[in-house]
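# Examining the three-dimensional arrangement
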Amino acid sequence: MKRVFLGIILALTAQVALAGEHDFEVVDAFAYPPLQGVKNAVAYMELHNHGTEPVRVTGITTALTEHAELHDHIDNGDVMRMQRIDAITVAPGEAVVLESGGKHVMLIDVTEPMVPGDLVKMQLQLADGTRKNIQVPIIRRQPAHSASDHSHHSEEDDEPMAGHAHH
Ligand SMILES: [Cu+2]
């Protein structure tokens, strides 16, 4: 029922959207609440470009914080370090997946409560001047990965502990 309702809202939004905007789709978005004792949270999603022109995401806004940034992990020799990036470009017909250990949305100094089960509005800013509204469910974190996990990147890779630079 909730899904149907959301579909209606999206359909209404599409009618007032600029031509071409529907070619850009955000799916499987979700966010984790901050870890205990940390003010930063992380959001993941898939960006799909069904259009014929590249789509460039240059920023994201949300009421959760004034400081939402696009981040990526940079291979720094032995250490994967995350840093802010200016944009994420999605080529025509392709998708970019924001995921643990890769690109992600960093929510810095979250001021609003993030309760699992809630839907949070976020707005992607695109280089062509348009904006894309999305609804992002807050989901409860998985328990810590076991040592046998195939990935050596844990969720915590995206979680700045001490010393995460975000100036
Ligand atoms: Cu980050």
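Bear in mind that the values here come from a model prediction, so they are computed numbers and not experimental data.

Criteria and thresholds
- Residues numbered from 1 in each chain as written.
- Predicted model: local features only at pLDDT ≥ 70, side-chain atom pairs only at ≥ 80, totals over all residues.
- Pairing = 2+ DSSP bridges.
- Helix = DSSP H or I, 4+ residues; strand = E, 2+ residues; numbered from the N terminus.
- Axes fitted to C-alpha atoms, helices over the stretch in contact; angles between N-to-C directions.
- Core = buried A, V, L, I, M, F, W, Y, C linked by C-beta atoms within 7 Å.
- Buried ≥ 20, exposed ≤ 12 C-beta atoms within 10 Å, placed from the backbone.

Moving on to the pairing of strand β3 (residues 55–62). Taken together, the 3 bridges between β3 and strand β6 (residues 88–90) define a ladder with antiparallel strand orientation. Paired with V57 across the strands is I88, a residue of β6. Of the strand pairs in this sheet, β3 and strand β9 (residues 119–126) are connected by 5 bridges, and their pairing is antiparallel. Pairing of I60 across the sheet is with L124, part of β9.

To continue, consider the sheet that holds β6. Ordered by their spatial adjacency, 4 strands build an open sheet running β6-β3-β9-β10, and the pairing between neighbours is antiparallel. In this open sheet, the two edge strands, each paired with only one partner strand, are β6 and β10 (131–137). Averaged over all pairs of adjacent strands, the angle between strand axes in this sheet comes to 40°, irrespective of strand direction.

A few words on the nonpolar core. Ranked by internal contacts, the top residues of the largest apolar core, which has 26 residues, are A31, V42, A43, V105 and L107. Of all the secondary-structure elements, those providing two or more residues to this core are β1 (24–32), β2 (41–49), β3, β4 (67–76), β6, β8 (104–108) and β9. Sorting elements by how many residues they give to this core places β2 first, with 6 residues.

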